[in-house]
Amino acid sequence: LKLTVSNSCTKVGPAWYRSLVAKLMAIRRVPPTLPTALKARCLVRALRRFSSNDLFLPTDQFAHRHLGPLPADVQEMCKVIGVKDLNELMETAIPASVRRDQPMDLPDGELGEAGSLALLKEMLSKNVVAKNFIGMGYHGSHVPGPILRNLLENPGWYTAYTPYQAEISQGRLESLVNYQTLVCELTGMEVANASLLDEGTAAAEAMAMIARAVNSKAKNQFFISDSVHPQSIDCIKTRAKYFGMELVIGDHTTTDFASMDKLCGALVQYPDTRGRFNKFEGIADALHKNGAYFIVAADPLSLVLAKPPSAIGADVVVGSMQRFGVPMWFGGPSAAYLATSKKQVRRMPGRIIGESLDRLGNPAYRLTLQTREQHIRLDKATSNVCTAQVLLANMAGMYAVYHRKEGLQKIAQRVHGLAQLFASEAQKAGLCVSSTAAFFDTVTIETPKAKAIAQALEQQKMNVRVLDDKTLAASFDETHLEGDIKALVAALKAAGAAGSASNLAITVDGKLPADFARTGAFLEQKIFNSISSETELMRYMHTLQKKDLALDTSMISLGSCTMKLNSVSSLAPCSWPEVAHMHPFAPASQTQGYRDMLESLEQYLITVTGFDACSLQPTSGASGEYAGLLVIKKYLEDQGQGHRDVCIIPRSAHGTNPASAAMCGMEIKWIEDSRGMDLAEFKALCEEHKDRLACLMVTYPSTRAFFEDNIQETCDIVHQYGGQVYMDGANMNAQ
């Protein structure tokens, strides 16, 4: 057997080999039509299983630890529900026509948890943890130890269910109110939601929100400053195309907003992607006179020192709270924010936590204004966002609680001081510093051969941003030290950075220019000014945790796409430096480990789903719906069928399905499926819209937990009429 494995079954007699292969294929149910490479791997695994000694297998194998029930428990449960074993249960529950009989090219699990972590460590050790000065909305941050240990790595916080049931969610809801309050105080706005997915999609949601506040047929243009972070611009481009919005991207300093009466709104960055503060009051006034809205994407740490966006005329403020104690994690996840005025509250995307009174008259928190949400408004919903980055929002909120207002001010002043020091030292070294006054954490350097210089620094594990052929940018955060500044200046000089240095002296005092400095009181709430020790924070978080029901307390008997337990071994790598401290725009030479891991995950998902390719880009189920529908639209356009715009959705579907279809500009047609899909009725509906049918959105198994017997016939009918099928695989275990 060992000889067979090591030589890929080539050095044994052909008759014996054919006999062995036949037996193994029968045992493993390996179809003869399986691709040769996959068939070989399946056979080798089977051979290894036959030849190995179970005595020496790792004793910390994952499956039984993760799933829990012992064989006797399984037998007892099967007895109660009237089946012999799990095989009979699966045969009873899953129609034979859709039951899987092909093996999957997945790890066999025999490495054990320790072995798997060692393998992952080896893979991710290919990442290079460099000194990052890239910025672009992603920054190094120190996760306070008490928050790391007692919140991020605490199952009392990361296994609790979506807080629909307020009486068992008061702890997290109070923490999210802290987060919302923090955002309102920093931005100066009246109301904030409980977080969104990232800054780019938050900006796109803001565009859609203000479009609903105006006559979008008359005002169908949206302006974006070319000084907004490029990833946000890219995200909005896609969203605007299918939203029917015409984008105008340009220089906000030279644009005549007063003459643009078709604008519904405009988006600027504060400070901008080059690090500069700009005066926007004139832009805001011009927009408001035309009945348009002013959206500001703002760095929350800069707002500790800078004028709040409300003071410069903002109607909506968006951004990312990542630098408030959340690792970069190669670009996610982190909590984005959206804040606005109370009059816009019913148009806001995402969740809002509100304070109410219980039956005894005591303050109590709950999800509020749910009439905006998808499960009620369906295709009339204001957004397909039905979730929040709760764990990350709670981390950001607790970061502010832990540091207090005074500590946040010190962090912001220190970060700004580091940027001032870099500008000063670079200028003394003869470099051409183009940022000399109104900046926060980012400084630009004018120099020939900018890309070559950045590549030279990369070899020294220093990452700077290349803005163009003649401009570099360096951004600073709370993880940087004074010595990093000197090392960066020396490295730039040695790499050949050169230019005409300004004689303007730069003061290093951590203070913004008076024109942009914040004045007036903010963050005066007791919660942001009272906890001064690790012990007090630990007690506060534990008090909140005890108010919630999570898997550390009880089983939660709800079936939902949000009810997944991540094992400790799965989450442990989140705290590794080579995972936590990777910038999403780091050079490819430094991110090989991440790319290997993600590509292997893509391959696993391909073998599970049976598709040819996989994208890991969507950051939530609703984002996945939107991405999937866009794939269908692009495919139809490529086939010369771009006019197809009808989407059929069963009544049992998740509320996000119709919301996502509406965002893609599709017309929704409903079909009743409370007793299963009626094929005759479904075919008639397809026939009625045969010239415009784009797709069917179907959840499988359905939200009523049924595997439809006729799912294949349903898909065939859609294809017969020229459409595609989007399957909402909310529960990947079922696939």
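Figured I'd write up the structure that's included with this text. What you see as residue numbers is a count from 1 along each chain, following the sequence as written. Side-chain atom pairs in this predicted model are given and counted only at pLDDT of 80 or more, local residue features only at pLDDT of at least 70, and totals for whole chains, interfaces and linings cover all residues. The side-chain quantities take in all heavy atoms of the structure and omit both hydrogens and water.

1. Looking at the packing of aromatic side chains
1) Next: Side-chain rings of Phe, Tyr and Trp (the six-membered ring for Trp) are treated as a pair once their centres are within 6.5 Å; stacked means planes under 30 degrees apart, edge-to-face means over 60, and tilted covers the remaining angles. Counted by the stated rule, this structure contains twelve aromatic pairs.
2) Next: Each ring, one from Tyr270 and one from Phe277, has its centre 5.2 Å from the other, and the planes form 70°; the classification is edge-to-face.
3) Next: Note on exposure labels: buried denotes an accessible area under 20% of the residue type's maximum, exposed denotes more than 50%, and partly exposed covers the range between, all computed with a 1.4 Å probe on protein chains only. What makes Tyr270 buried here is its relative accessible area of 0%.
4) Next: Judged by relative accessible area, Phe277 falls into the buried class, the value being 5%.
5) Next: When the ring of Phe330 is compared with that of Tyr594, the centres are 4.5 Å apart and the planes differ by 20°; the resulting orientation is stacked. In this pair, Phe330 sits in the loop between β7 (316-320) and β8 (336-340) while Tyr594 sits in helix α21 (residues 592-609), placing the two residues 264 residues apart along the sequence.
6) Next: Taken together, the ring pairs connect Tyr270, Phe277, Phe280, Phe294 and Phe516 into an aromatic cluster.
7) Next: Across from the ring centre of Tyr626, 5.1 Å away, lies the NZ or CZ of Arg239, which sits over that ring. Each helix is a run of DSSP H or I of at least 4 residues and each strand a run of E of at least 2, with the numbering of both proceeding from the N terminus. Each ring is checked for a lysine NZ or an arginine CZ that lies within 6 Å of its centre and within 35 degrees of its normal; such an atom marks a charge sitting over the ring.

2. Here's the deal with empty space enclosed by the protein
1) Next: Cavities and pockets are found on a 1 Å grid laid over the protein atoms alone: a cavity is a set of points where a 1.4 Å probe fits but cannot escape, a pocket is an open set with protein on both sides within 12 Å along at least five of seven lines, and a lining residue has an atom within 4 Å of such a point. Grid points are joined across faces, edges and corners, and a volume is the space filled by probe spheres set on the points. Following the criterion strictly, the structure yields five cavities of 30 Å³ or more and no others.
2) Next: Within this model, the largest cavity holds a volume of roughly 210 Å³.
3) Next: What lines the largest cavity is a set of 22 residues, among which Met136, Gly137, His139, His229 and Asp299 lie closest to the centre.
4) Next: Charged residues are taken to be Asp, Glu, Lys and Arg, nonpolar residues to be Ala, Val, Leu, Ile, Met, Phe, Trp, Tyr, Cys and Pro, and polar residues to be all remaining types, Gly included. The residue makeup of the lining of the largest cavity, split by class, is six nonpolar, ten polar and six charged.
5) Next: Counted as a void, the second largest cavity has a volume near 100 Å³.
6) Next: Lining the second largest cavity are Pro650, Ser652, Asp673, Met677, Val698, Thr699, Ser702, Glu708, Asn710, Ile711 and Thr714.
7) Next: Breaking the lining of the second largest cavity down by element, the ones donating at least two residues are β17 (693-699) and α25 (711-720).
8) Next: Class assignment of the residues belonging to the lining of the second largest cavity gives a composition of four nonpolar, five polar and two charged.

3. Points about the side chain of Gln590
1) Next: The topology assignment puts Gln590 in the loop between α20 (577-580) and α21.
2) Next: Any N or O atom pair separated by 3.5 Å or less is treated as a polar contact, with the protein-specific requirement of one donor-capable and one acceptor-capable atom, and with residues adjacent in sequence counted only for side-chain atom pairs. Among the polar contacts made by the side chain of Gln590, one reaches the side chain of Asn463 at a distance of 2.7 Å.
3) Next: Those residues in contact with Gln590 that sit more than four places away from it in its chain are Lys126, Asn127, Val128, Ala130, Glu458, Asn463 and Met582. In this description, contact between two residues means that some pair of their heavy atoms is separated by no more than 4.5 Å.

4. Details of the sheet that holds strand β11 (residues 432-433)
1) Next: Two strands pair if DSSP finds at least two bridges between them. Read from one edge to the other, the open sheet built from five strands follows the order β1-β13-β14-β12-β11, with strand pairing classed as mixed. Whereas interior strands pair on both sides, the edge strands pair on one side only; in this sheet they are β1 (131-133) and β11.
2) Next: In terms of strand pairing, β1 meets strand β13 (residues 462-468) through three bridges, oriented parallel. Looking at β13, one finds that Asn132 is bridged to Asn463.
3) Next: Along the sheet face, helix α15 (residues 390-428) touches β11, β12 (442-446) and β14 (471-475) and points at about 20° away from the line of β12. The axes used here are C-alpha line fits, helices contributing only the stretch in contact, and every angle between their N-to-C directions lies in the interval 0 to 180 degrees.

5. Here's the deal with a nonpolar patch on the surface
1) Next: Surface patches are defined over residues having more than 30% relative accessible area and no salt bridge, joining like charges when they lie within 9 Å and nonpolar side chains (Val, Leu, Ile, Met, Phe, Trp, Tyr) when within 5 Å. Each accessible area is a Shrake-Rupley estimate made with a 1.4 Å probe; only the visible protein chains count as cover when residues are assessed. Salt bridges, as used here, are contacts in which a Lys or Arg side-chain nitrogen is within 4 Å of a carboxyl oxygen on Asp or Glu. On the surface, a nonpolar cluster with roughly 220 Å² of combined accessible area is contributed by Leu601, Tyr604 and Leu616.
2) Next: Relative to the assigned elements, Tyr604 resides in helix α21.
3) Next: By relative accessible area, which is 34% here, Tyr604 ends up partly exposed.

6. A word on unusual backbone geometry
Most peptide bonds adopt trans geometry, and most residues besides glycine take a negative phi value.
1) Next: Backbone torsion omega between Tyr270 and Pro271 reads -15°, so that peptide bond is classified as cis.
2) Next: Mapped onto the elements, Pro271 comes out in the loop between β5 (263-270) and α13 (281-289).
3) Next: Residue Tyr700 is joined to Pro701 through a cis peptide bond whose omega torsion reads -5°.
4) Next: With phi around 65°, Met136 is a residue other than glycine that occupies positive phi space.
5) Next: Looking at where Met136 falls in the secondary structure, it is placed in the loop between β1 and α8 (145-152).

7. Some thoughts on the packing of helix α10 (residues 170-187) against α15
1) Next: Relative to each other, α10 and α15 sit at 65°, their axes nearing to 8 Å. Put simply, α10 runs roughly perpendicular to α15. The interaxial crossing formed by α10 with α15 has left-handed handedness. Contacts between α10 and α15 involve Arg172, Ser175, Leu176, Asn178, Tyr179 and Leu182 on the former and, on the latter, Val390, Ala393, Asn394, Ala396, Gly397, Met398, Ala400 and Val401.
2) Next: Residue composition of the contact of α10 with α15, grouped by class: nine nonpolar, four polar and one charged. Any angle from 65 to 115 degrees is called roughly perpendicular, while one under 35 is roughly parallel, one over 145 is roughly antiparallel, and all others are oblique. With the far helix as reference, a near helix turned anticlockwise by less than a right angle produces a left-handed crossing, and one turned clockwise produces a right-handed crossing.

8. With respect to the pairing of strand β15 (residues 646-650)
1) Next: Where burial is concerned, most of β15 is hidden: five out of the five residues are buried.
2) Next: Neither face of β15 is open: one carries Val646, Ile648 and Pro650, the other Cys647 and Ile649, and all of them are buried.
3) Next: Bridging between β15 and strand β16 (residues 667-671) involves five bridges; their strand directions are parallel. The residue bridging Pro650 from the neighbouring strand is Ile671, located in β16.

9. Here's the deal with the sheet that holds β16
1) Next: In space, the four strands of this open sheet follow the order β16-β15-β17-β18, with parallel pairing throughout. Either end of the sheet is taken by a strand with one partner, and the two such strands are β16 and β18 (724-728). In this sheet, adjacent strand axes meet at a mean angle of 25° when their direction is disregarded.
2) Next: Those strands touched by helix α22 (residues 621-638) are β17 and β18, and its axis lies near 170° from that of β18.

10. Thoughts on the nonpolar core
1) Next: In plain words, nonpolar cores are sets of buried Ala, Val, Leu, Ile, Met, Phe, Trp, Tyr and Cys residues tied together by side-chain atoms within 4.5 Å. Counting 84 residues, the largest nonpolar core has Leu186, Tyr270, Met321, Phe324 and Met398 as the members making the most contacts within it.
2) Next: Discounting residues that sit within four places of it in the chain, Met321 has contacts with Tyr179, Leu182, Val183, Leu186, Pro300, Val326, Ala335, Tyr337 and Ala396.
3) Next: Core analysis: the second largest hydrophobic core is formed by 31 residues, Ala203, Val214, Cys264 and Met348 among them.

11. Quick look at the pattern of salt bridges
1) Next: Taken as a whole and judged by the stated rule, the model has 20 salt bridges.
2) Next: Here Glu205 and Arg239 are joined by a salt bridge, their closest N and O atoms 3.2 Å apart. You can see Glu205 sitting in helix α11 (residues 199-211) and its partner Arg239 sitting in helix α12 (residues 230-243), a full 34 residues away along the chain.
3) Next: Exposure remark for Glu205: the relative accessible area of 3% places this residue in the buried category.
4) Next: Residue Lys428 is joined to Glu425 by a salt bridge in which the shortest nitrogen-to-oxygen separation is 3.6 Å. Remark: Glu425 and Lys428 occur in helix α15; sequence separation between them is three residues, near one turn of the helix.
5) Next: Ionic contacts of the salt-bridge type, sharing partners, join the residues Asp645, Glu667, Lys669 and Arg692 into one network.

Scope: geometric values only; no functional claims are made or implied.
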